[in-house]
Amino acid sequence: MTDSSSASSLIVGGAASSPRAPLPTLPPLALYIHIPWCVRKCPYCDFNSHTASPVLPEQEYVDAMLADLDQDLHAVYGRELSSIFFGGGTPSLFSAEALGRLLEGVKRRIPFADDIEITLEANPGTFEQEKFVAYRKLGINRLSIGIQSFQQEKLKALGRIHNGDEAVRAAGMARQAGFDNFNLDLMHGLPDQSLEDALSDLRQAIELKPTHISWYQLTLEPNTVFWNQPPVLPEDDTLWDIQEAGQALLAEHGYAQYEVSAYAQPGRPARHNLNYWSFGDFIGIGAGAHGKLSHPDGRIVRTWKTRLPKDYLNPAKSFQAGEKALTNDEMPFEFLMNALRLTAGVESRLYPERTGLPLESLEEHRREAEQSGLLQVEPSRLAATERGQLFLNDLLQKFLS
């Protein structure tokens, strides 16, 4: 690792860079909470998730996460939390009592913004009306519901535990429980999926009137069942037709695409995810959680926690498995792999504000990306062109040192 004191010898954009400047203002701070248990592991999933035992160690895990958080408090620097996200796994397997105790413990340690967004991931097979009413009373004000598909044969192929009727009911139950802001997760490019299959799923999702839809293509990831036993997926031409027709359908119904796979009604983008994509800070607690923390002296450190729940709960082991300080030559890629996911990109001024590096350090690679038609020629913004959004990996490669 290279600290800021020796960063002046690093190469950025093909030229010697200036030392990284102290950060005059630290970015917004969020909290990611990982609950790693699921009813059953899905064959496409490469997240840190584990099949749940009949009785979950709720009390021990909440205690461990609060102790984990204590070790990261040095990096708060007086900031308040702008958002909290419960991810997994399936966080809705935990009782409202356990989540309430955790939220109370977090608030005693870090103040909440008045308009804080608190999101809970939930799967339709875990919906119980009484439990979700209790979640809402805790201050959880946004749900992200893992639908993936409404069609039984597709759900079976994906290893999901719910059926289409349960998926429809889950959205209704969310609204009845007081959630007026919720996301539906939906996949396309599923095994043997046709264009009409994909659009049927989208139409059903739109009919349920969520404020946000995450619509993304199934990919085969290493260390998954699907990677080792690949299903038959649609041809590339069909995938392209699905993408084009689906985006048109979402736009027709008022869902604006603001990120590669995220579509929202006006004023309803996911604020927690926007913080990631604009290179904000986040503390990660829970087994396998990742964090990114900026310091006033200009250091930016990525952290990751012990992955296996049994190790995370073992008092003889450390919560933190590792950390890495980002060097100057890594910063362009680290910043842009997030910012360029946004269809509108970000204001150029955000780069020096969030990295401590001058905007000029991007100049050579930026000019090359503009000339190749992948980056917009717009001095005040860093944003991909439509072509750049289609070939985002190619665009990002230009900023690798």
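Definitions and limits used
- Residues numbered from 1 in each chain as written.
- Predicted model: local features only at pLDDT ≥ 70, side-chain atom pairs only at ≥ 80, totals over all residues.
- Heavy atoms only, no water.
- Helix = DSSP H or I, 4+ residues; strand = E, 2+ residues; numbered from the N terminus.
- Rg over C-alpha atoms; globule rule 2.2 N^0.38 Å.
- Buried < 20%, exposed > 50% of the residue type's maximum accessible area, 1.4 Å probe, protein only.
- Contact = heavy atoms within 4.5 Å.
- Areas by Shrake-Rupley, 256 points an atom, 1.4 Å probe, with all protein chains shown as cover.
- Lys, Arg positive; Asp, Glu negative; His and termini not counted.
- Charge placed at Lys NZ, Arg CZ, Asp CG, Glu CD.
- pLDDT = per-residue confidence, 0-100.
- Salt bridge = Lys/Arg side-chain N within 4 Å of Asp/Glu carboxyl O.
- Axes fitted to C-alpha atoms, helices over the stretch in contact; angles between N-to-C directions.
- Parallel < 35°, antiparallel > 145°, perpendicular 65-115°, else oblique.
- Left-handed = near helix turned anticlockwise from the far one by under 90°.
- Expected span 1.5 Å × (residues − 1).
- Arc of directions from axis to C-beta.
- Nonpolar A, V, L, I, M, F, W, Y, C, P; charged D, E, K, R; others polar.
- Core = buried A, V, L, I, M, F, W, Y, C linked by side-chain atoms within 4.5 Å.
- Patch = residues over 30% accessible without salt bridge, like charges linked within 9 Å, V, L, I, M, F, W, Y side chains within 5 Å.

> Would you mind going over the overall build of the protein chain in detail, with residue names and values included?
Broken down by element type, the protein chain carries 15 helices and 18 strands. Expected size for 401 residues packed as a compact globule is a radius of gyration near 21 Å; at 21 Å, the protein chain falls within 12% of this value. On the principal axes, the C-alpha backbone points of the protein chain span a range of 60 × 50 × 40 Å. Within the protein chain, buried positions represent 53% of all 401 residues. Long-range contacts, defined here as pairs at least 24 residues apart, represent 71% of the contacts in the protein chain between residues at least 6 apart. If you sum the accessible surface of the protein chain, you get close to 17700 Å²; carbon and sulfur atoms cover 51% of it. Treating the 37 positive side-chain charges of the protein chain as one cloud and the 52 negative ones as another, the clouds have centres 4 Å apart.

> Talk me through the confidence of the model for the protein chain; I want residue IDs and the actual numbers.
Per-residue pLDDT for the protein chain has a mean of 92; in total, 95% of the residues score no lower than 70. With pLDDT under 50 throughout, residues 1-18 is counted as low confidence; its partners more than four residues away or in other chains account for 32 contacts.

> Describe in detail the pattern of salt bridges, supporting the description with residues and values.
Under the criterion given, the structure shown has 20 salt bridges. Between D281 and K292 there is a salt bridge whose closest N-O contact spans 3.1 Å. In this pair, D281 is assigned in strand β13 (residues 281-285) and K292 in strand β14 (residues 290-294), connecting sequence segments 11 residues apart. Its relative accessible area of 0% is what places D281 among the buried residues.

> Explain the packing of helix α6 (residues 195-207) against helix α8 (residues 236-252) residue by residue, including any values.
The geometry of α6 relative to α8 is characterised by a closest axis approach of 9 Å and an angle of 25° between their N-to-C directions. Overall, the two elements α6 and α8 adopt an arrangement that is roughly parallel. Seen from above, α6 lies across α8 with right-handed handedness. On α8, the residues touching L195, A198, L199, L202, R203 and I206 of α6 are T238, D241, I242, A245, G246, L249 and L250.

> Describe helix α2 (residues 96-109), naming the residues involved and giving the relevant values.
The end-to-end C-alpha separation of α2 is 20 Å, in line with the 20 Å expected for 14 residues at 1.5 Å each. On its buried face, α2 is in contact with β3 (29-35), α1 (58-70), β6 (81-88), β7 (112-122) and α3 (129-137).

> How would you explain α8 if you had to name every residue and give the values?
Taking 1.5 Å per residue, 17 residues should reach 24 Å; α8 reaches 24 Å between its end C-alpha atoms and fits that length. All of the buried residues in α8 are L239, I242, Q243, G246, L249 and L250. Viewed along the axis of α8, the buried residues span an arc of 145°, placing them on a single side of the element. What points out from α8, more than 90 degrees from its buried face, is the exposed set D237, A251 and E252. On its buried face, α8 sits against β9 (182-188), α6, β10 (212-217) and β12 (262-264). Phi turns positive one or two residues past the end of α8, at G254, with a value near 85°.

> How would you sum up the packing of α1 against α2? Please name residues and give values.
Contact geometry of α1 with α2 gives a least axis separation of 10 Å together with a crossing angle of 15°. Relative to α2, α1 is oriented roughly parallel. α1 and α2 meet at a crossing whose hand is right-handed. Two secondary-structure elements touch here, α1 through E58, Q59, V62, D63, M65, L66, L69 and D70 and α2 through A98, R101, L102, G105, V106 and R109. Considering only residue class, the contact of α1 with α2 consists of seven nonpolar, two polar and five charged.

> Report on the nonpolar core, specifying residues and quantitative values.
Membership of the largest hydrophobic core comes to 67 residues, with the highest contact counts inside it found for I84 and F86. Apart from residues no more than four positions distant in its own chain, I84 is found in contact with L31, I33, L103, F112, I116, E117, I118, T119 and H272. Ranked by size, the runner-up nonpolar core spans 28 residues in total, among them F279, V346, Y351 and L395.

> Explain a negative patch on the surface residue by residue, including any values.
A cluster of acidic side chains, namely E235, D236, D237, D241 and E244, defines a negative patch on the protein surface. Relative to the helices and strands, D237 resides in helix α8.

> Report on a nonpolar patch on the surface, specifying residues and quantitative values.
On the surface, W240, L390 and F391 cluster together into a nonpolar patch covering about 320 Å² of accessible area. The residue L390 is located in helix α14 (residues 386-390) in this model. Residue classification places L390 among the exposed residues on the basis of a relative accessible area of 51%.

> Can you tell me about unusual backbone geometry, naming the residues and giving the values?
Of note, the amide linkage connecting G88 to G89 takes the cis form, showing an omega dihedral of 25°. Along the chain, the position of G89 falls in the loop between β6 and α2. At N223, a residue that is not glycine, the phi angle is positive and equals roughly 65°. Following the sequence through the fold, N223 ends up in the loop between β10 and α7 (225-228). A relative accessible area of 74% means that N223 is categorised as exposed. Positive phi values are uncommon outside glycine, yet F279 reaches one of about 65°. Residue placement: F279 occurs in the loop between α9 (271-277) and β13.

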